Amino acid sequence: HSMQQFAAASRRVVARLYEECRAAGVQLEGSLLKLQMVIPGEACPGPRPSAEEVARATLETLRACVPADVPGVVFLSGGQGEEASRCTVA
């Protein structure tokens, strides 16, 4: 999958997650979201995105679907190595 396909899928899933949380009466200000960074799949052709491109796509995705009352987001590496993960969130 491309980075754009992953971002679109993430938006759909996270938006639905928060729809369900609201319907269940979850107090979002006491929650954290843990998701992986927006990156293309290993088999996606073409050059790999830079850390800045991954960070930008991830932030755009979060801003599009995470309510402002969620106090924090933590990340899974999405299969990136330790150094690449660190550079992306820096």
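This is a predicted model, so every value here is computed, not measured.

1. A closer look at the pairing of strand β2 (residues 72-76)
Working step 1: As judged from the five bridges shared by strand β1 (residues 32-36) and β2, these two strands associate in the parallel manner. Paired with Gln36 across the strands is Leu76, a residue of β2.
Working step 2: Assessed by its sense of winding, the connection that carries the chain from β1 through helix α2 (residues 51-65) to β2 is right-handed.

2. A short note on the side chain of Ser31
Working step 1: Tracing the backbone shows Ser31 in the loop between α1 (3-23) and β1.
Working step 2: Of note is the side chain of Ser31, whose polar atom sits 2.7 Å from the backbone oxygen of Leu28.
Working step 3: Ignoring any residue separated from it by four or fewer positions in sequence, one finds Ser31 in contact with Val70, Pro71 and Gly72.

3. Concerning α2
Working step 1: For α2, with 15 residues, the first-to-last C-alpha span of 22 Å sits near the 21 Å given by 1.5 Å per residue.
Working step 2: Regarding α2, the residues found buried are Val54, Ala57, Thr58, Thr61, Leu62 and Cys65. The arc enclosing the buried residues of α2, seen along the axis, measures out at 130 degrees, which places them on a common side. Exposed and oriented more than 90 degrees from the buried face of α2 are Glu52, Arg63 and Ala64.

4. Focus: the pattern of salt bridges
Working step 1: Overall, the coordinates contain two salt bridges when judged by the stated rule.
Working step 2: Notably, a salt bridge pairs Glu20 with Arg16, separated by 3.0 Å at the nearest N-O pair. Separated by four residues within a single helix, Glu20 and Arg16 lie in helix α1, roughly one turn from each other.
Working step 3: With relative accessibility at 41%, the residue Glu20 sits in the partly exposed group.

So, how was this worked out
Every chain's residues receive numbers from 1 upward, in the order its sequence appears when written. Given that the model is predicted, a residue must reach a pLDDT of at least 70 before its local features are reported, and side-chain atom pairs must reach 80 or more before they are shown or counted; all residues, however, enter totals for whole chains, interfaces and linings. Excluding hydrogens and water, the side-chain figures rest on all heavy atoms present in the structure. At least two DSSP bridges between two strands are required for those strands to pair. For the purposes of this entry, the term helix denotes a DSSP run of H or I that reaches at least four residues, the term strand denotes a run of E that reaches at least two, and both are numbered from the N terminus. The definition of a right-handed crossover adopted here requires that, viewed with the strands pointing away, the path from the first strand over the helix to the second runs clockwise. Whenever two N or O atoms come within 3.5 Å, that pair is a polar contact, provided that in protein one can donate a hydrogen and the other can accept it, and provided that, for residues adjacent in sequence, both atoms are side-chain atoms. In this description, contact between two residues means that some pair of their heavy atoms is separated by no more than 4.5 Å. Helix span is expected to be 1.5 Å times the residue number reduced by one. Residue burial is assigned from relative accessible area. The probe radius is 1.4 Å, only protein chains are included, and a residue is buried under 20% of its type maximum, exposed over 50%, and partly exposed in between. The arc refers to the directions leading from the helix axis to the C-beta atoms. Within this document, salt bridges are pairs made up of a side-chain nitrogen of Lys or Arg and a carboxyl oxygen of Asp or Glu, the two lying within 4 Å of each other.

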